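Here is how the chains run, residue by residue.
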Amino acid sequence: MKKTYITTAIPYVNGTPHIGHAMDYCLADVCARYHAMIGDEVRMQAGVDEHGGKIFQKAADLGIPVEEYVAENTQKFKDFIYKLGVHYTDFVRTTDAMHEKGCQEIWKKLENHIYKAKYEGWYCTGCERFITEKEYEENNGVCPDHQKPYERLEEENYYLRIADFKDRINQAIESGEMVILPEFRKKEILKLLADSPDVSISRPKEQLTWGVSVPDDDTQVMYVWIDALANYITVLGYPEKDILDWWPAEAQFVGKDILRFHAIIWPAMLMGLGLPLPKNLVSHGMVLANGQKMSKSIGNVVDPMEAIEKHGLDAFRYYFLRHIDTFADSDFTWEKFDNAYNNELANDLGNLVQRLATLAKKNNITINDELKFELPHEYTELMNNFEYSKAFDYVWAKVQDINRRVDEEKPWSLAKNGETEKLNACMVGLINELLSVNNMLKPFIPDTCKKIEKVFADPITPPEVPLFPKQ
Ligand code: MSP
C-alpha cells in the first residue's frame with residue numbers, strides 16, 4: 001500500500017480561525033480523501049504555530065499569560081477543523097515538548113550552515129518576516145498587509161547560509177523534483193531564490209523570549225519560521241524516528257503569501273538535514289470579500305461558522321472547493337453562496353436524487369449494489385494535479401448531463417406507456433451514472449455522498465426531506 005503524507009500550514013493562534021484558514025484544511029482534506037479512495041494509506045498533519053512576537057504581543061495586550069492564550073486559541077482551531085469535516089491523523093502544537101526538542105536537534109544538525117552575524121534592517125511582526133531594503137523602499141516603510149511601519153532591528157542573530165543550497169534548490173524546482181503549483185508561481189519563486197540573501201534564523205532573548213531556545217546559547221530563540229517549518233517532520237517523530245516511510249510529503253498545502261518560506265527556507269533546511277524535498281508545494285489563492293482583502297477594520301470578515309450554519313457543512317465545502325478557485329484569489333459573497341446553494345446543490349443535485357429515487361421506487365427498479373466504479377481519466381488527471389476546483393467543475397458537468405438525460409429520455413412516459421423493459425434500462429442507466437458521479441464527489445462533499453448511497457441502496461428509498469431544502 002502506498003503511503004501518502006499530506007500537510008497543512010499551521011496558523012498563528014493570535015486570534016480565532018477565519019474563513020481563509022479553511023482553505024488549507026479543505027484542500028488537504030480533499031487530497032487525503034482522494035488518496036484514501038485510490039487505495040493509499042494516508043497520514044495528514046495539522047497544527048498550530050504558537051511562538052513569535054505577534055502572538056506574544058497579543059497575549060500581553062489582552063493581559064493573559066501567553067501559555068494560557070495559545071492553549072485557548074489552539075482549542076478553537078481544533079474545533080474549527082472538526083466543524084469543517086476535516087480529518088487529520090497528526091496534530092502538532094509548536095509548544096509541544098517533542099516538537100521543541102526536535103527543533104533543537106534539527107538546529108544542531110544544520111550547524112555547518114549556520115553562522116552568527118549582526119542584523120541591521122527591517123522587520124514586520126505582523127508578517128513575522130525580515131524585510132529587505134528594496135521592499136522597505138517599495139512600500140515606503142509601511143507593511144501593505146498590516147498597515148504598520150516596519151520596525152528597525154539592530155541585533156546579533158544566527159543566519160542560515162542559503163547560499164549553500166541555492167543552486168540545488170533551483171535545480172530541484174526546475175527539474176520538477178519539487179513541483180511548485182500553480183506553475184506561474186514557479187517563476188516568481190525562482191526570481192526570489194536568485195535574489196535571496198542568507199536568512200536570519202534567530203532573535204535575541206532581549207527582544208523576544210517566546211520561542212524555542214537555540215541550543216547551547218542562552219541568549220537567543222529561534223526565528224518563528226524555523227520552528228514552524230520544522231513541524232512537518234517533528235510531528236512524524238523526527239529525528240528520533242526514521243520518517244522515510246512517510247517523508248517526503250506528497251503535497252504541502254500553503255497560501256500563496258507563505259510560499260516563499262516553503263520554497264526557499266524549507267528546502268534549504270531539508271537539504272541541510274539530508275532529507276528529500278516535498279513532491280509538491282501546492283499554493284492556493286486568497287479568499288476575498290467583494291474583491292477586497294478581508295479585514296476586521298473594514299468589517300468585511302466572513303465568519304465560516306455562520307456560513308456552515310446557514311446552509312450546512314457540505315454546502316460550505318461545495319462553495320469553497322468549487323467556486324473558490326484552487327489557485328486564484330476568489331470572492332466569498334453571501335449572494336454567490338446562496339445562489340450556488342439554491343441553483344446548484346438544491347436544483348441540480350438535490351432534485352435529481354429526489355426525482356430518480358421517487359421514480360425508481362414507484363416502478364420497483366432495483367440496482368446491483370456490487371457495482372465498482374472506474375474513475376475517469378479526466379477526473380484522476382485533474383485530481384492528481386491538485387486542480388480541485390476544475391475537477392469539481394468536471395464532475396458537476398456530469399450532474400447536469402444526467403439532468404439533461406432525464407429530461408430527454410422521459411422515464412415517466414415510458415412508465416405511463418407500460419414500456420417496462422425500456423424503463424428499467426433507462427432508470428438503471430441513469431442511477432448508475434449518478435452513483436458513479438457520487439463516487440467522484442466523495443472527496444468533496446462526503447456526508448451528502450453517504451446519504452445518496454443510502455437512498456439508492458436496496459430498497460431504493462427517496463429522502464424524506466430534500467437533501468438541500470430550498471431557502
Ligand atoms: N504560521 C504561519 C504558517 C506556518 S506553516 C509552517 C502563517 N499563519 S497564518 O495564520 O497567517 O496563515 C495560515 C494559512 O492560512 C496560510 O496558508 C495562509 O495563506 C492562509 N490564509 C490566511 N488568510 C487567508 C485568506 N484570506 N485566504 C486564503 N488563505 C489564507 O502564515
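Here the structure is a predicted model, which is why all the values come from computation and not from measurement.

Could you clarify how one ought to interpret the overall build of the protein in this entry?
For the protein, the helix and strand inventory stands at 17 helices and 15 strands. For the protein, the C-alpha radius of gyration of 25 Å lies close to 23 Å, the compact-globule estimate for 471 residues. Taken along the three principal axes of its C-alpha coordinates, the protein extends 90 × 45 × 40 Å. Here the protein has roughly 21,300 Å² of accessible surface; of this, 48% comes from carbon and sulfur atoms. Averaged over its 54 positive side-chain charges, the protein has a centre that lies 3 Å from the centre of its 74 negative ones.

How do you make sense of the site of the ligand when you look at a structure like this?
If you check the shell around the ligand, you find 23 residues, and the closest are I10, D24, D49, D257 and V287. Contact distances for the ligand include 3.2 Å between an oxygen atom and a side-chain N or O atom of H21. Between the ligand and the protein, one listed contact pairs an oxygen atom with a backbone N or O atom of G255 at 2.9 Å. When the free accessible area of the ligand is taken as 660 Å², the share hidden by the protein chains comes to 91%.

Just checking my understanding: could you explain the packing of helix α12 (residues 334-362) against helix α17 (residues 446-455) for this structure?
The angle between the axes and the distance between the axes are what describe a pair of packed helices. Contact pair α12 / α17: the axes reach a minimum separation of 11 Å and the direction vectors enclose 10°. As judged from the angle between their axes, α12 and α17 are roughly parallel. For α12 against α17, the interelement crossing comes out left-handed. Along the contact surface, α12 presents L349, V353 and A357, while α17 presents T448, I452 and V455.

Can you help me understand the nonpolar core in this one?
A general feature of soluble globular proteins is that nonpolar side chains tend to end up buried together. W247, F253, M269, L349, L356 and F456 are the most contacted members of the largest nonpolar core, which totals 161 residues. For this core, the element with the most residues is α12, which contributes twelve residues. Sequence-distant contacts of L349, that is, excluding residues within four places in its chain, are made with E344, W396, V399, L434, L441, I445, T448, I452 and F468. With six residues, the next largest nonpolar core counts W122, C127, I131 and C143 among its residues.

Whenever I open this one, the sheet that holds strand β13 (residues 287-289) confuses me. Can you help?
Strand pairing in a sheet relies on backbone hydrogen bonds, with the paired strands running either antiparallel or parallel. Spatial strand order, β14-β13-β15: three strands in an open sheet with mixed pairing. If you trace the sheet from one side to the other, it starts and ends with β14 (292-293) and β15 (330-331), each paired once. Strand direction decides the pairing type here: β13 and β14, joined by two bridges, are antiparallel. Counted as the bridge partner of A289 is Q292 from β14.

I would appreciate a short explanation of the sheet that holds strand β1 (residues 3-8) in the present structure.
Here we have six strands laid out as an open sheet, ordered β3-β2-β1-β11-β12-β7, and parallel in their pairing. The sheet is open, and its two edges are formed by β3 (90-93) and β7 (179-181), each paired on a single side. Pairwise comparison of adjacent strand axes, ignoring direction, gives a mean angle of 20° for this sheet. Examined bridge by bridge, strand β11 (residues 251-255) and strand β12 (residues 280-284) share four bridges and lie parallel to one another. Residue pairing in the sheet places V254 in a bridge with S283 of β12. Across the sheet, helix α7 (residues 183-195) lies against β7 and β12, angled at about 115° from β7, the strand it touches most.

Mind showing me how you'd approach the packing of helix α11 (residues 313-323) against α12 here?
Taken N-terminus to C-terminus, the directions of α11 and α12 make an angle of 105°; their axes are 10 Å apart at the nearest point. Taken together, the axes of α11 and α12 lie roughly perpendicular to each other. Where α11 abuts α12, its residues A315, F316, Y318, Y319, R322 and H323 lie against K336, F337, A340, Y341, E344 and L345. Among the residues making up the contact of α11 with α12, the classes are represented as eight nonpolar, one polar and three charged.

Just checking my understanding: could you explain helix α13 (residues 377-384) for this structure?
Given 3.6 residues to a turn, an α-helix orients residues that are three or four positions apart in the same direction. For α13, the full list of buried residues reads Y379, T380 and M383. On an axial view of α13, the arc spanned by its buried residues comes to 95°, and they lie on one face. On the buried face of α13, the contacting elements are α1 (21-37), α14 (388-409) and α16 (420-441). A positive backbone phi angle near 65° is found at F386, which sits one or two residues after α13.

Would you explain the pattern of salt bridges in this entry?
Two side chains of opposite charge can pair, provided their charged atoms sit close to one another. Throughout the structure, instances matching the rule amount to 29 salt bridges. Residues K2 and D40 are paired through a salt bridge, measuring 3.8 Å at the closest nitrogen-oxygen approach. One end of the pair, K2, is in the segment before β1; the other, D40, is in the loop between α1 and β2 (41-48), and 38 residues separate them in sequence. Residue class for D40 comes out buried when judged on its relative accessible area of 11%.

Looking at this structure, how should I read empty space enclosed by the protein?
Picture a little ball the size of a water molecule; that probe, rolled over the atoms, points out where space is still empty. Enumeration according to the criterion identifies one cavity of 30 Å³ or more in this entry. Put simply, the largest cavity is a space of about 50 Å³. What lines the largest cavity is G52, G53, Y123, E128, R203, L208, W210, G211, M222, Y223 and V224. For the lining of the largest cavity, a count of residues per class yields six nonpolar, three polar and two charged.

What am I meant to see in unusual backbone geometry here?
Trans peptide bonds make up most of the peptide bonds, and negative phi angles are found at most residues other than glycine. Cis geometry marks the peptide bond from L181 to P182; its omega dihedral reads -5°. A cis amide bond links D458 with the next residue in sequence, P459, at an omega value of -5°. With respect to the element layout, P459 can be found in the segment after α17. The backbone of E128 sits at a positive phi, close to 50°, despite the residue not being glycine. Looking at the secondary structure, you find E128 in the loop between β4 (114-124) and β5 (129-131).

What's the story with the environment of Y34 in this structure? I'm lost.
Inspection of the secondary structure assignment puts Y34 in helix α1. Under the relative-accessibility criterion, Y34 is labelled buried at 1%. Residues Y34 and L359, spaced 325 residues apart in sequence, show a C-alpha to C-alpha distance of 32 Å. Not counting chain neighbours up to four residues away, the residues in contact with Y34 comprise L375, Y379, T380, M383, N384 and P443.

Rules of the game
- Residues numbered from 1 in each chain as written.
- Predicted model: local features only at pLDDT ≥ 70, side-chain atom pairs only at ≥ 80, totals over all residues.
- Heavy atoms only, no water.
- Helix = DSSP H or I, 4+ residues; strand = E, 2+ residues; numbered from the N terminus.
- Rg over C-alpha atoms; globule rule 2.2 N^0.38 Å.
- Areas by Shrake-Rupley, 256 points an atom, 1.4 Å probe, with all protein chains shown as cover.
- Lys, Arg positive; Asp, Glu negative; His and termini not counted.
- Charge placed at Lys NZ, Arg CZ, Asp CG, Glu CD.
- Near = heavy atom within 4 Å.
- Polar contact = N/O pair within 3.5 Å; in protein donor to acceptor, adjacent residues only side chain to side chain.
- Axes fitted to C-alpha atoms, helices over the stretch in contact; angles between N-to-C directions.
- Parallel < 35°, antiparallel > 145°, perpendicular 65-115°, else oblique.
- Left-handed = near helix turned anticlockwise from the far one by under 90°.
- Contact = heavy atoms within 4.5 Å.
- Core = buried A, V, L, I, M, F, W, Y, C linked by side-chain atoms within 4.5 Å.
- Buried < 20%, exposed > 50% of the residue type's maximum accessible area, 1.4 Å probe, protein only.
- Pairing = 2+ DSSP bridges.
- Nonpolar A, V, L, I, M, F, W, Y, C, P; charged D, E, K, R; others polar.
- Arc of directions from axis to C-beta.
- Salt bridge = Lys/Arg side-chain N within 4 Å of Asp/Glu carboxyl O.
- 1 Å grid on protein atoms, 1.4 Å probe; cavity = no way out; pocket = protein on both sides within 12 Å on 5 of 7 lines; lining within 4 Å.
- Points joined across faces, edges and corners; volume = space filled by probe spheres on them.

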